[in-house]
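Breakdown of the fold
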Amino acid sequence: MTEPTPKLSGMYRFTSIARPIDPAYLTNRALLIVLPLLMLLSAGIAALYDIGGGPLSAAISGALVAFAAWALTRELAPDYNAAAFVALALAWIANVALGTTQVLLVFVALLLVRLVNRSTGPQWRVLDTLGVFGFCVWAAVNTQQPLILVVAAAAFTLDATLKDPVRWHYFAAAACVAAFSWLLLGDVRLLASDLAGQDWALIAAFAGGVVLAVAASPEPVSYCDTSPDRLDRVRVNAGLIIGSLAAVQTVLTNGRAAWLETPIWVCMAAVLLAFAARKGNRRAGATRSTTKIE
C-alpha cells in the first residue's frame, strides 16, 4: 500500500474511491444541466399519467437511474464520452417506460470497475477496501445475488496482479470468497430456473462483443484524475470485463427479469454500440483514403 502523496488535493487526500463531478469539464457541465431537466420531465410525466409514487418520487428515481448509468458507462469506456450520455438517455427512458429502478448493482459494478481501471489514479487505501468489501457483501445479501462476491473477488485479484499491484488485495479477494461460501449456506440460488435458449444466446452474443472490444481496443487517451498519466490499456480492458461479469451474474441469478429491472445492461449496450460506431467510422475513413490514393 502507498501513502497519499502531497500532490493529492480535495477528497483524494482521504479516499481513492470517489470521483467528484468537476464542472470544469464540458461533459460534467452537460450532466449537471441534463439531470435537472430529466427530473422535471419525470415529475411531469408522473403527474400527467399518475405513475408510481408521485412526481417527487419519479423525479428522484429518474435522475438516480440516469446518473448511475452515466457514471458506470464512464468507467467502462473512459474514452467514449458520448456512450455515457447514450446510456443516460436509454436508462431514463427505461425508467419511465418500463419501471427500471434498481441501481444498487450499478453502483457495485461502478466501484469494482474503478478498482481495476484506476481511473482516479491512487491505489486504494485500507478503508476504501473495507468499505467496498462491506458494500458488496450487503448488496449480495440485499439482492440475494451471491455471485456479486465472486465478481468482487475477481476485481480484487486483478488489482493485486496488474500494473502497480496492491498485493494485499489478494486477502480482500479471499474474504469475498469466504463471504460467498457463507451465503451459500443459506437458502440462495446461483442459477435462475427460467432462463431460455434466447437468454443464453444473448449472453453469448454479448460476451462475443466484449471480447471483440477488448481485443481491438487502442491505447486509452484519457488521463487519471490525479496525475498526468494516461490510463493503462490492460487495466481499462480488465475493468470492462469486470463490469460485464457483474451484468451477466444478474441474469444468471435473477433470470429473465434482470434484463430490464436494472440499467446495467443499458450501460453495456451503450459501450458496445459506441465501439461498433467508432470501428465503423475508422473503416469508412480508411476506405475514403484508399479511394483518394487510387
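The structure under discussion appears in the preceding block.
Structural notes, computed from the coordinates.

In this section: the overall build of the protein chain. Across its full length, the protein chain holds 11 helices and zero strands. Shown N-terminal to C-terminal, the secondary structure of the protein chain runs as helices and strands in the order α-α-α-α-α-α-α-α-α-α-α. Taking 19 Å as the expected radius of gyration for a compact globule of 294 residues, we find that the protein chain reaches 20 Å, a close match to that expectation. Looking at the 294 residues of the protein chain, the share that counts as buried comes to 47%. In the protein chain, the proportion of contacts linking residues at least 24 apart, taken out of those at least 6 apart, comes to 74%. Carbon and sulfur atoms make up 68% of the accessible area of the protein chain, which totals about 14,400 Å².

What follows is about the side chain of Asn237. Examined against the element boundaries, Asn237 turns out to sit in helix H9 (residues 233-254). When neighbours within four sequence positions are excluded, Asn237 is seen to be in contact with Val214 and Ser217.

What follows deals with a nonpolar patch on the surface. Together, Leu184, Leu190, Leu191 and Trp200 give the surface a local cluster of nonpolar side chains, amounting to about 360 Å² of exposed area. With respect to the secondary-structure elements, Leu190 resides in the loop between helix H7 (169-184) and helix H8 (197-216).

Before going further, it helps to examine helix H4 (residues 104-117). Spanning 14 residues, H4 covers 20 Å between terminal C-alpha atoms, matching the ideal 20 Å at 1.5 Å per step. In terms of residue burial, H4 counts as a mostly covered element, since 13 of its 14 residues are buried. Immediately beyond the C-terminal end of H4, within one or two residues, lies Arg118, with a positive phi of roughly 55°.

A word on H7. Given a rise of 1.5 Å per residue, 16 residues ought to cover 22 Å, and the 23 Å separating the end C-alpha atoms of H7 matches this to within 8%. Taken together, the buried residues of H7 touch H4, helix H5 (126-143) and helix H6 (147-159).

Cut-offs used in this document
Residues numbered from 1 in each chain as written. Predicted model: local features only at pLDDT ≥ 70, side-chain atom pairs only at ≥ 80, totals over all residues. Heavy atoms only, no water. Helix = DSSP H or I, 4+ residues; strand = E, 2+ residues; numbered from the N terminus. Rg over C-alpha atoms; globule rule 2.2 N^0.38 Å. Buried < 20%, exposed > 50% of the residue type's maximum accessible area, 1.4 Å probe, protein only. Contact = heavy atoms within 4.5 Å. Areas by Shrake-Rupley, 256 points an atom, 1.4 Å probe, with all protein chains shown as cover. Patch = residues over 30% accessible without salt bridge, like charges linked within 9 Å, V, L, I, M, F, W, Y side chains within 5 Å. Salt bridge = Lys/Arg side-chain N within 4 Å of Asp/Glu carboxyl O. Expected span 1.5 Å × (residues − 1).

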